[in-house]
Amino acid sequence: MSEMERTVLSEAPTTGKLFDCRDAYSSALEAMAEQDKRVCAVINDSLSSAKLKGFKTRFPDRFINVGIAEQNLVGVGCGLANSGMIPYLCGASCFLTARALEQIKVDLAYSRTNVRICGMSSGMAYGQLGPTHHSIEDVAWTRVIPNMAVVVPADHIETAAAMRYSLHHEGPMFLRISRIPVPQVHAEDYTFRLGKAVKLRDGNDVTIVTNGVLVCRALDAAQTLEERGISARVLNMSTVKPLDREAILDATRSTKGLVTAEEGLAAGGLGGAIAELLAVEHPTRMRILGVPDVFAPTGSAEYLLEHFGLTAAGMVQAAIDLMKVER
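Quantities reported herein were computed from a predicted structural model and do not represent experimental measurements.

The rules behind each value
Per chain, residues are indexed from 1 in the order of the written sequence. Reporting of local features is limited, given that this is a predicted model, to residues whose pLDDT is at least 70; pairs of side-chain atoms are given and counted only at 80 or more, and all residues count toward the totals for whole chains, interfaces and linings. Hydrogen atoms and water are omitted, and side-chain values are computed over all heavy atoms in the structure. Source of the domain bounds: an automatic or database domain assignment. Any two residues having at least one pair of non-hydrogen atoms within 4.5 Å are treated as being in contact. Accessible area that two parts lose when put together, evaluated with a 1.4 Å probe and summed over both, is termed the buried area. Salt bridge, as used here: a side-chain nitrogen of Lys or Arg that lies within 4 Å of a carboxyl oxygen of Asp or Glu. Here a polar contact is recorded for every N or O atom pair within 3.5 Å, except that within protein the pair must consist of a potential hydrogen donor and a potential acceptor, and residues adjacent in sequence are included only if both atoms are side-chain atoms. Under the DSSP-based scheme used, a helix requires at least four consecutive residues in state H or I and a strand at least two consecutive residues in state E, with every element numbered from the N terminus. Classes in brief: Ala, Val, Leu, Ile, Met, Phe, Trp, Tyr, Cys and Pro nonpolar; Asp, Glu, Lys and Arg charged; the others, Gly included, polar. Think of it in three bands: residues with accessible area under 20% of the maximum for their type are buried, residues over 50% are exposed, and the middle band is partly exposed, with areas taken using a 1.4 Å probe on protein chains only.

### Considering the domain arrangement of the protein
Here is step 1 of the chain: For the protein, the assigned domains are domain 1 (5-14 + 190-326) and domain 2 (17-183).
Here is step 2 of the chain: A separation of 25 Å is found between the C-alpha centroids of domain 1 and domain 2.
Here is step 3 of the chain: Taken residue by residue, the interface counts 38 residues in domain 1 and 38 residues in domain 2.
Here is step 4 of the chain: Looking only at domain 1, the three residues that lose the most surface to domain 2 are Phe-192, Lys-241 and Glu-263, adding up to 24% of its buried area.
Here is step 5 of the chain: Our count for the contact surface shared by domain 1 and domain 2 stands at two salt bridges.
Here is step 6 of the chain: Put simply, Arg-176 and Glu-263 hold a salt bridge, and the shortest N to O gap is 3.8 Å.
Here is step 7 of the chain: Taken together, domain 1 and domain 2 are joined by 17 residue pairs in polar contact (both at pLDDT 80 or more).
Here is step 8 of the chain: Elements with a minimum of two residues in the side of domain 1 that touches domain 2: helix H9 (215-227), strand S12 (239-241), strand S13 (258-265), helix H11 (270-281) and helix H12 (301-307).
Here is step 9 of the chain: Classifying every residue of the side of domain 1 that touches domain 2 gives 21 nonpolar, 13 polar and four charged.

### Here we look at the pattern of salt bridges
Here is step 1 of the chain: The tally for this structure, following the rule as stated, stands at 18 salt bridges.
Here is step 2 of the chain: Here Arg-217 ties to Glu-302 by a salt bridge, and the two come within 2.8 Å at their closest N and O atoms. Here Arg-217, found in helix H9, pairs with Glu-302, found in helix H12; they are 85 residues apart in sequence, far enough to count as distant.
Here is step 3 of the chain: A relative accessible area of 45% places Glu-302 in the partly exposed class.
Here is step 4 of the chain: Ionic pairing is found between Asp-250 and Arg-233, a salt bridge with its closest N-O pair at 3.0 Å.

This is the structure in structure tokens:
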């Protein structure tokens, strides 16, 4: 059995109950602050949306609100890190990664500052607030910055596990935390490993590679494909950077093609990272699902996912189309 197989293949089925990953994030942060007095939270006037009221109450001396000033937020976080603290910068991903991108690039990544950027309510979770609040570019922006680790958890279990891992990570990290409710897809004893994919379902016809809120939908797609005689592997690629090259190349060699799906731009994110690898190492058939070269419109999160085909049905159709080409 390969190292990847020994460390993945979660046995937890998706459950009917839905969870908000922000709850797991805030609970984990409080537990980490209790464990390590260097842990602190810095926000941009996003106390409620970041679900940090409990943190503020328990650790008022380690809670800093800089107001609606994301560039200052990053600068303050870097100063705290250089003073020996472990800061978690919390804010709406659409503003934190866009408005403060220069500071993220220079103050964090270039200087390898030990800071965690927590992009809250990412993707299209803000729904009706429209294009100004959709954060569909954040993964593409952060993954191309040198020294930056990029993580997109699939459920509350993985969110908490990634948070615990981040406490000991050296260097800057971007954690993309959604507010779209998702079911549990990982076992309670799941351990997060940076740069390692999680094989949630095996298959030998096609591989679906995804992360975040689309993982549960990929599992539903795989079930539907099985009913149609197509065996689909499902990989949760929660670490977009560093990418799990072994898992991707293994899937490419042992299945007939890949479907990638992400709650963000189809260009530059997870699908782009995988395509860059395969173009050099092992060209194969691919379908990249995501938001095309447009601004996502206004509408509920579920409507927007359906609008762009980021659903179980969309993944099923992409896999069937890919298999038709192969045949």
